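# Coordinate inspection notes
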Amino acid sequence: MDRNTIIIGCDHAAFAMKEKIRNRLLELAIPVQDEGAFSEESVNYPEFGAKVAGAVSAGAYSRGILLCGTGLGMSIVANRFPKVRATLCNDLFSARMARMHNDSNILVMGGRVIGDVLAMEILDTWLNTPFEGGRHQTRLDLIEKAGDLCGVALPRTKR
Ligand code: RB5
């Protein structure tokens, strides 16, 4: 696993935000793996979401960032992958809670919902807030076996 590098991806609706996020990470001396998109030409967000979430799920990267117009589509795609905890954070409180309570490993934001200044503050908060563990770890463990809680067969997390 690459513990330091953050893998990032977006669609056309959040291309401009992705460029700013990448520059901010590099400013902070955090290495970036940029999976695109690389322009504002219309693309399908699931393709980029799957690249980033798949890599985090497989353990190749410990953290990722996904951006689309609202953040909703990327959240839906990313959370299909085992061990991914993608959190849509379009405000600072959510960013803090996403780390403290949910141990978020993919930050999702909506390029058409929030401005760049807030996005950078959300990024900094998400990067710098530790997971609290304890009862929250118990709940995350339950998420990994959510199917068992209601008798539905979900894909198992590989360990
Ligand atoms: C693209 O038009 C838009 O649907 C996408 O960026 C995202 O908001 C989807 O949830």
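Residues numbered from 1 in each chain as written. Predicted model: local features only at pLDDT ≥ 70, side-chain atom pairs only at ≥ 80, totals over all residues. Heavy atoms only, no water.

### Brief notes about unusual backbone geometry
- Cis geometry marks the peptide bond from G36 to A37, where omega comes out at 5°.
- Within the secondary structure, A37 sits in the loop between β2 (32–34) and α2 (45–57).
- Even without being glycine, K83 reaches a positive phi, approximately 70°.
- With respect to the secondary-structure elements, K83 resides in the loop between α3 (72–78) and β4 (86–88).
- Judged by its relative accessible area of 31%, K83 falls in the partly exposed class.
- You will see that D103, though not glycine, has its phi angle at about 45°, which is positive. (Helix = DSSP H or I, 4+ residues; strand = E, 2+ residues; numbered from the N terminus. Buried < 20%, exposed > 50% of the residue type's maximum accessible area, 1.4 Å probe, protein only.)

### Section: the sheet that holds β4
- With respect to topology, five strands assemble into an open sheet ordered β2-β1-β3-β5-β4, the strand pairing being parallel. Single-partner strands in this sheet number two, and they are β2 and β4. Within the sheet, the average angular offset between the axes of one strand and its neighbour, ignoring direction, is 20°.
- Inspection of the sheet shows strand β1 (residues 2–10) paired to strand β3 (residues 61–68) by six bridges, in the parallel sense. Directly across from I6, in β3, lies its bridge partner R63. (Pairing = 2+ DSSP bridges. Axes fitted to C-alpha atoms, helices over the stretch in contact; angles between N-to-C directions.)

### Topic: the pairing of β1
- Looking at chain direction, β1 and β2 are connected through three bridges and run parallel. From the neighbouring strand, I8 faces β2, where its bridge partner is D34.
- Handedness of the β-α-β unit built from β1, helix α1 (residues 15–27) and β2 comes out right-handed. (Right-handed = clockwise from strand over helix to strand, strands pointing away.)

### A closer look at the site of the ligand
- What surrounds the ligand is the set D11, H12, A13, Y45, C68, G69, T70, G73 and R112.
- One of the side-chain N or O atoms of R112 is found 3.4 Å from an oxygen atom in the ligand.
- Out of a free accessible area of 290 Å², the ligand has 71% covered by protein chains.
- Here the residues of the shell around the ligand sort into three nonpolar, four polar and two charged. (Near = heavy atom within 4 Å. Polar contact = N/O pair within 3.5 Å; in protein donor to acceptor, adjacent residues only side chain to side chain. Areas by Shrake-Rupley, 256 points an atom, 1.4 Å probe, with all protein chains shown as cover. Nonpolar A, V, L, I, M, F, W, Y, C, P; charged D, E, K, R; others polar.)

### Brief notes about the packing of helix α4 (residues 92–100) against helix α5 (residues 116–128)
- With their axes 8 Å apart at the nearest point, α4 and α5 run at an angle of 20° to one another. As judged from the angle between their axes, α4 and α5 are roughly parallel. Note that α4 runs across α5; the crossing there is right-handed. Contacts between α4 and α5 pair L92, A95, R96 and R99 from the former with L118, E121, I122, T125 and W126 from the latter. (Parallel < 35°, antiparallel > 145°, perpendicular 65-115°, else oblique. Left-handed = near helix turned anticlockwise from the far one by under 90°. Contact = heavy atoms within 4.5 Å.)

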